[in-house]
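Inside the fold
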Amino acid sequence: MPDKIALNALALRPGGSGVQTYIRELLRALPEVLTADLVAAVQADAVGELPPQVTARVHPVAAGARRALAGLRGLGPSNLVHGLDVDLPLRSSAPTVATVHDLSVFDVPWAFSRHRAAGERMLIRRSLRRADAIIAVSRFTAQRVRDLLGRDTIPIPLAPSLDMRPPGPGAIEAVRERYALPQRFVLHVGTIEPRKDVMTLAEACRQIGVPLVLAGGRTGATTPATARALGYVPRPDLAPLYGAATVVAYPSLYEGFGLPPVEAMACGAVVLASRATSLPEVLGDAAAFAPPRDAEGLAKALRDLMGDKERRSHLARAAVAHAAGYSWRLPVSRRALLASGCSNGYR
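Heads up: these notes are all about the structure in this document.

In total, this model carries 17 salt bridges according to the counting rule given. Measuring nitrogen to oxygen at the nearest pair gives 2.8 Å for the salt bridge that ties Arg178 to Asp237. In this pair, Arg178 is assigned in helix H6 (residues 169–178) and Asp237 in helix H8 (residues 235–244), connecting sequence segments 59 residues apart. Note that Lys300 and Asp304 form a salt bridge whose closest N and O atoms lie 3.0 Å from each other. One end of the pair is Lys300 and the other is Asp304, both in helix H11 (residues 295–306) and four residues apart, which spans about a single turn. Within the structure, one salt-bridge network assembled from shared partners comprises Asp102, Glu193 and Arg195.

Laid out in structure tokens, this is it:
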């Protein structure tokens, strides 16, 4: 049989979060370095996200348990199976690779419904115990996999999408006008859910009297009454939105990697994040930090940044340089997979 790699891309959605960006950008990059046939299991409404070199194995649109069951049924004959969001089929005669994005259902179960947390813990344990190789998106996540399951992983970081780059002044002004944005504001981009701790950010912004603008959907959390919620923002508007913000804040309590602040940095934004989990590792010295769950500490950090134009200019320059160190080009990924022994298709 010709070399064939089967990829579980059922988590891919049009638009979406860091996991979707990982799947989309990896599938775009793989054909440049692989000679194998690539076949991706994908939901019907996400087929358009695949590059032409990747053959779609189309599944009906589903979520939650139904989507997980679709991934368990198998992906057809192949030389290698890669679960791009952990999940692997129940049976596979080929070597298997699983990418783990975070272990939040273990570490912060309060952020999920009881049934969802229990179900995902079962699926993650099964996949990570039987995978021949495991990719973790950060050293933090790699350590959590070792702590919880005793498995070694290959840390391979994510990267900004190629469209995330510093916008021009005209694009910024157009977005500012389109969304009626104030001249100075704090921006948060991402799903509004409990572990993102947007309520603490809203309180910090209230304390210093600066507008808070939210971009993204909502999952199990209340939108702060004092914030301006834009909902999902079209992808072409996202880089100019980052460019328009005075500060992009990311006070998350738990991240396996933390792609939104890295994409903000790639756009030249000034980023303030919580000093929690993977964020110090991923953002390095190119961001400002505040303690998690501390409205007063976050307010002080925001006040200092808002009042120090020179420091903001320094952080903006450092941010672009730092984000450029993350890339979807695959020499690191390729070497890592070859070292894992799963070289039937990744060669």
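Let's pick the thread back up.
Right, let's get into the sheet that holds strand S8 (residues 186–189). Pairing within the open sheet is parallel, and its six strands lie in the order S10-S9-S8-S11-S12-S13. Among the strands making up the open sheet, the edge pair consists of strand S10 (228–229) and strand S13 (288–290). Bridge count between strand S11 (residues 247–250) and strand S12 (residues 271–274): three bridges; the pairing is parallel. Bridge pairing in S12 links Ala249 to Leu272. Against the sheet, H11 contacts S8, S11, S12 and S13, and its axis sits at roughly 155° relative to S13.

Here we take up the nonpolar core. With 69 residues, the main nonpolar core has Ile23, Leu27, Leu187, Leu241, Tyr242 and Leu283 as its most contacted residues. If we skip the residues at most four places from it in the chain, Ile23 touches Ala9, Ala11, Leu12 and Leu84. Grouped together as the second largest cluster of nonpolar side chains are 28 residues, Ala6, Ile134, Ala136 and Tyr254 included.

Once that is clear, we can look at the packing of aromatic side chains. Enumeration according to the criterion identifies three aromatic pairs in this entry. Seen in terms of ring centroids, Phe140 and Tyr254 are 5.7 Å apart; in terms of plane orientation they differ by 70°. Their pairing is edge-to-face. Here Phe140, found in helix H5 (residues 139–149), pairs with Tyr254, found in the loop between S11 and helix H9 (259–266); they are 114 residues apart in sequence, far enough to count as distant. With respect to class, Phe140 is no different from Tyr254; both count as buried.

Cut-offs and rules
- Residues numbered from 1 in each chain as written.
- Predicted model: local features only at pLDDT ≥ 70, side-chain atom pairs only at ≥ 80, totals over all residues.
- Heavy atoms only, no water.
- Salt bridge = Lys/Arg side-chain N within 4 Å of Asp/Glu carboxyl O.
- Helix = DSSP H or I, 4+ residues; strand = E, 2+ residues; numbered from the N terminus.
- Pairing = 2+ DSSP bridges.
- Contact = heavy atoms within 4.5 Å.
- Axes fitted to C-alpha atoms, helices over the stretch in contact; angles between N-to-C directions.
- Core = buried A, V, L, I, M, F, W, Y, C linked by side-chain atoms within 4.5 Å.
- Buried < 20%, exposed > 50% of the residue type's maximum accessible area, 1.4 Å probe, protein only.
- Phe/Tyr/Trp six-rings, centres within 6.5 Å; stacked < 30°, edge-to-face > 60°.

Note that every value here comes from positions in space, so none of it alone points to a role or purpose.
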